[in-house]
Amino acid sequence: MSKAKKTASKPEESSELRKLKRENERLKKELDLVKKWQRFLAEQEKSDTDS
């Protein structure tokens, strides 16, 4: 199949695709938040050991 095909062949597939895209975006945001939290904790740990 080519990438030019933008819509799913069935309405149910289109609906599922939209749902999965929303979930994917949410998961990307959650992952970004977790990474930021890890960096924050690493900085806190570093500053605790520097004192």
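If you're wondering where the values come from, they're calculated on a predicted model, not measured in any experiment. (Residues numbered from 1 in each chain as written. Predicted model: local features only at pLDDT ≥ 70, side-chain atom pairs only at ≥ 80, totals over all residues. Heavy atoms only, no water.)

Let us now look at a nonpolar patch on the surface. A grouping of Trp37, Phe40 and Leu41 is seen on the molecular surface, where their side chains present a nonpolar patch of about 320 Å² in accessible area. If you trace the backbone, Leu41 turns up in helix 1 (residues 11–50). (Patch = residues over 30% accessible without salt bridge, like charges linked within 9 Å, V, L, I, M, F, W, Y side chains within 5 Å. Areas by Shrake-Rupley, 256 points an atom, 1.4 Å probe, with all protein chains shown as cover. Salt bridge = Lys/Arg side-chain N within 4 Å of Asp/Glu carboxyl O. Helix = DSSP H or I, 4+ residues; strand = E, 2+ residues; numbered from the N terminus.)

For any pair of aromatic rings, geometry is given as the distance between the ring centres together with the angle between the planes. Summed over all chains, the structure comprises 1 aromatic pair. Where Trp37 meets Phe40, the ring centres are 5.3 Å apart and the plane angle is 25°; that geometry is what we call stacked. Of the two residues, Trp37 and Phe40 both sit in helix 1, 3 residues apart, roughly one turn of that helix. (Phe/Tyr/Trp six-rings, centres within 6.5 Å; stacked < 30°, edge-to-face > 60°.)

Attention now moves to the pattern of salt bridges. Scanning the entire structure with this criterion turns up 3 salt bridges. The partner of Glu30 in a salt bridge is Arg26, and the shortest N-O contact between them spans 2.5 Å. Pair noted here: Glu30 and Arg26 are both in helix 1, with a separation of 4 residues, about one helical turn. Of the charged contacts in the structure, one is a salt bridge between Lys36 and Asp32, with a shortest N-O distance of 3.4 Å. Here the residue Lys36 and the residue Asp32 both occupy positions in helix 1, the gap between them amounting to 4 residues, near one helical turn. Under the relative-accessibility criterion, Lys36 is labelled partly exposed at 45%. According to the relative accessible area criterion, Asp32 is partly exposed, its value standing at 37%. (Buried < 20%, exposed > 50% of the residue type's maximum accessible area, 1.4 Å probe, protein only.)

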